[in-house]
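Structural characterization, general
This is what each chain is made of:
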Amino acid sequence: MILTLLKRELKVARRNWIGLAIPLLFFIIVVSLFPFAVSPEAPVLQKLAPGVIWVAALLAMLLSLEQFYRSDYQDGSLEQLLLMSSPTSVAISKILAHWLLTGLPLVILSPLLAVLMQINYGSAGSSHTWVLMLSLVLGTPTLCLLGAVGMSLTLAASRNGLLVSILIIPLYVPILIFGASTVTASLENMRYNGELAILGAFLLIAIVFAPFASGRALKISVG
Amino acid sequence: MANAWRWFHQLGSPKYLFQKTGQWLPWIWGATLILLAVGLYYSLWASPIEVRQGQGHTVRIMYVHVPAAALSMIAYIAMAIAATVGLVWKMKMAFAAVRSIAPVGAAMTFLALFTGSVWGKPTWGTWWEWDARMTSELLLLFLYLGYIALHASFSDRSKADKAGAILAIVGVINIPIIYLSVKWWNTLHQGYSVTEEGALDPAFQTPLFLMLGAMYLLFAALVIMRLRAEIILRNQKARWVTEWATGQSTERGDA
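Residues numbered from 1 in each chain as written. Chains lettered and ligands numbered in written order. Predicted model: local features only at pLDDT ≥ 70, side-chain atom pairs only at ≥ 80, totals over all residues.

**A short note on the overall build of chain B**
The cut-off we apply is this: Runs of H or I in DSSP of at least four residues are treated as helices and runs of E of at least two as strands, each being numbered from the N terminus. To sort residues by burial, count the other C-beta atoms lying within 10 Å of each one's C-beta; a count of 20 or more means buried, 12 or fewer means exposed, and anything in between means partly exposed. C-beta atoms are built from the backbone. The contact rule is simple: place each C-beta atom from the backbone, and if two of them lie within 7 Å, those residues are in contact.
Counting its secondary structure elements, chain B contains eight helices and zero strands. Listing the helices and strands of chain B from first to last along the sequence gives α-α-α-α-α-α-α-α. When burial is assessed residue by residue, chain B has 34% of its 255 residues classed as buried. Long-range contacts, defined as pairs at least 24 residues apart, comprise 78% of the intrachain contacts of chain B with a sequence gap of at least 6.

**Topic: the overall build of chain A**
Stated formally: For the radius of gyration, the atom set is restricted to C-alpha positions; the globular benchmark scales as 2.2 Å times the number of residues to the power 0.38.
Tallying secondary structure elements over chain A gives eight helices and zero strands in all. Ordered by position from the N terminus, the helices and strands of chain A form the series α-α-α-α-α-α-α-α. By the compact-globule yardstick of 17 Å for 223 residues, chain A fits well, its C-alpha radius of gyration being 18 Å. Structurally, chain A occupies a C-alpha span of about 55 × 35 × 30 Å along its principal axes. Per-residue burial for chain A yields a buried fraction of 51% across its 223 residues. In chain A, the proportion of contacts linking residues at least 24 apart, taken out of those at least 6 apart, comes to 80%.

**Quick word on the confidence of the model for chain B**
Residue and element names in this part refer to chain B. For the record, the criterion: Each residue gets a pLDDT score, which is the predictor's confidence in that residue and runs from 0 to 100.
Per-residue pLDDT for chain B averages 85, and the proportion of residues at 70 or more is 88%. Counting interchain partners and residues more than four positions distant, the pLDDT-below-50 stretch residues 190-196 has eight contacts. If you check the scores for this complex, the pTM reads 0.88 and the ipTM reads 0.87.

**Description of the packing of helix 3 (residues 42-74) of chain A against helix 5 (residues 87-116) of chain A**
Residue and element names in this part refer to chain A. Under the convention used in this document: Note on method: axes are straight lines fitted to C-alpha atoms, helices fitted across the in-contact stretch only, with angles between N-to-C directions ranging 0 to 180 degrees. An angle below 35 degrees is read as roughly parallel, one above 145 as roughly antiparallel, one from 65 to 115 as roughly perpendicular, and any other as oblique. Here is the rule for handedness: rotate from the far helix to the near one, and if that takes an anticlockwise turn smaller than a right angle the crossing is left-handed, while a clockwise turn gives right-handed. Under the scheme applied here, ten amino acids are nonpolar (Ala, Val, Leu, Ile, Met, Phe, Trp, Tyr, Cys and Pro), four are charged (Asp, Glu, Lys and Arg), and all others, including Gly, are polar.
At a closest axis distance of 10 Å, the pairing of helix 3 and helix 5 adopts a crossing angle of 150°. In terms of orientation, helix 3 and helix 5 fall into the roughly antiparallel class. For the crossing formed where helix 3 meets helix 5, the hand is right-handed. Where helix 3 approaches helix 5, its residues Ile53, Ala57, Ala60, Met61, Ser64, Leu65, Phe68 and Tyr69 are matched on the opposing element by Lys94, Ala97, His98, Thr102, Gly103, Leu106, Ser110 and Leu113. Partitioning the contact of helix 3 with helix 5 into residue classes produces 10 nonpolar, five polar and one charged.

**Comments concerning the environment of B:Trp29**
Residue and element names in this part refer to chain B. Secondary-structure assignment places Trp29 in helix 2 (residues 14-44). Given 17 C-beta atoms within 10 Å, Trp29 falls into the partly exposed group. Distance in space between the C-alpha atoms of Trp29 and Leu217 is 7.7 Å, their sequence separation being 188 residues.

**Looking at the interface of chain B and chain A**
Taken together, the contact between chain B and chain A spans 22 residues of the former and 22 residues of the latter. If you tally residues by element for the side of chain B that touches chain A, the top one is helix 6 (residues 157-188) of chain B, at 13 residues. Classifying every residue of the side of chain B that touches chain A by side-chain character gives 15 nonpolar, five polar and two charged.

**Overview of the nonpolar core**
Threshold: Residues enter a nonpolar core if they are buried, belong to Ala, Val, Leu, Ile, Met, Phe, Trp, Tyr or Cys, and are joined to the set through C-beta atoms within 7 Å.
Residues A:Ile53, A:Ala57, B:Met79 and B:Val98 are the most contacted members of the largest nonpolar core, which totals 133 residues. In contact with A:Ala57, not counting residues within four places along its chain, are A:Phe27, A:Leu106, A:Leu136 and A:Thr140.

**A word on the packing of helix 7 (residues 163-187) of chain A against helix 8 (residues 193-222) of chain A**
Residues and elements named next belong to chain A. One way to put it is that helix 7 packs onto helix 8 with a least axis distance of 9 Å and a crossing angle of 155°. One finds that helix 7 runs roughly antiparallel with respect to helix 8. As helix 7 runs across helix 8, the sense of the crossing is left-handed. On helix 8, the residues touching Pro174, Ile175, Phe178, Gly179, Ser181, Thr182 and Ala185 of helix 7 are Glu195, Leu196, Ile198, Leu199 and Phe202. Here the contact of helix 7 with helix 8 is built from residues that sort into eight nonpolar, three polar and one charged.

**Describing helix 3 of chain A**
Residue and element names in this part refer to chain A. Under the convention used in this document: In a helix, the anticipated span is given by 1.5 Å times the number of residues less one. To get the bend at a residue, fit one axis to the 7 residues ending there and another to the 7 starting there, then take the angle between the axes.
Between its first and last C-alpha atoms helix 3 spans 47 Å; for 33 residues at 1.5 Å apiece the expected length is 48 Å, and the two agree. The sharpest bend along helix 3 measures roughly 50° and falls at Ala49, with the proline Pro50 sitting one to four residues further on. Gly76 sits one or two residues past helix 3 and shows a positive phi near 85°.

**Overview of the confidence of the model for chain A**
The predicted model of chain A has a mean per-residue pLDDT of 91, with 99% of residues at 70 or higher. Here helix 1 (residues 2-14) of chain A stands out as the element of chain A with the lowest mean pLDDT, 88, in contrast to helix 6 (residues 127-154) of chain A, whose mean of 94 is the highest.

**Notes on the environment of B:Phe204**
Among the structural elements, B:Phe204 can be located in helix 7 (residues 202-234). A C-alpha to C-alpha distance of 39 Å links B:Phe204 and B:Gly164, two positions 40 residues apart in sequence.

**Details of unusual backbone geometry**
You will see that A:Gln118, though not glycine, has its phi angle at about 55°, which is positive. As for its position among the elements, A:Gln118 is in the loop between helix 5 and helix 6. We note that B:Lys90 has phi near 50°; this positive angle belongs to a residue other than glycine. Among the secondary structure elements, B:Lys90 is positioned in the loop between helix 3 (62-89) and helix 4 (92-124). Residue class for B:Lys90 comes out exposed when judged on the 11 C-beta atoms lying within 10 Å of it.

**Digging into the environment of A:Ala148**
All names here are of chain A. Structurally, Ala148 is set in helix 6. Expressed as a C-alpha distance, the spacing of Ala148 and Ala210, which sit 62 residues apart in the sequence, is 7.6 Å. Filtering out sequence-adjacent residues up to four positions away, Ala148 remains in contact with Ala91, Lys94, Ile95, Ala210 and Ser214.

Structure (structure tokens):
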């Protein structure tokens, strides 16, 4: 059932690929603003890199949430989906689609930003880039899961847009802290597996609670 | 046990709840004012000043700051409990309670942040420090404001209630996670370390406990007043509300 729903999500998204590209473009453009605003010097950029890339990723995830829910809610297909299957599986399929089409591309694009932000400055290999990607792999699914709860809650609300950001950003803080500090630890040549483990723990907790909460919220929004 | 359950169910009736709280309210306000008067007397005049840390009179801020901070957290937990009751037993009055607690809790959070800031300037020499407790208090304020904003943006009140209840529960799961993360983040960044105070001198304890009691009662009184307003708002069309508001019976057959 979830697979069928997921296929539908991916098909709908493929027909609106430009909408999916915009958050990714936003991700790159926001990061590229920092050298202009702060300083183009490599050591400075390197120090800022973990925070800047993570904040940009977080905002891109928030921006892309809307299109996975809004149009389905407005044209009534969400209501039909909820009649067809359990709210939790609808929520899971949406979360998976959101991650596959936004989270995963962000992870794939992040080495490019790592280059822009001089993340490997002063070190021979490209190990910091790998750490950045790992932290995003573990962190972005949690962002999707929590974002799904917020988005489902605000679907029927009259003022939306920024409302979901206000609700969800305080909940994103722990992920931001550990996501960015994983990369910072790697830059300072310290062990970072503790931070990664905590990111993984957040992900597991979110997997347990978020699809259920999001499903309930979808039902309230529609019913 | 059966009695307790019946009482619980009776609380779900708007009319019963409105009448009961109306009976309690004068007593709660009376106790609040007495405790507040005694507590303020002790904390502003009859307590020593702190000389060891060079704080002098600024230590008196503590008597407002500590109760406000305690209430800001307890209020959120109370919101989450009421939200759970509302979602599980489909009790509308529980949702009204969540909505009534939120602004008072937000005000307490703001008060805790504000007094903390005013206290921080003379003692630490700064208005703001990204200390674990302060940062999580700030995020708590955002959670309250998020709930209020979410509730306000629905035109359908029952949807607003349920959506808000889910947000309150999600928030309460997150509060310990936020607190611990911020704490670890702060130690990583070698932030300002607040000196751990030992046991408070008894001279400071008396006014603090008095003020704690007074502020808890004040909180209860304010929440109950909001709750009563909320009950009237939600039951405008009920006959007992019309009777209460106009002070007369609208029984048919009188004419």
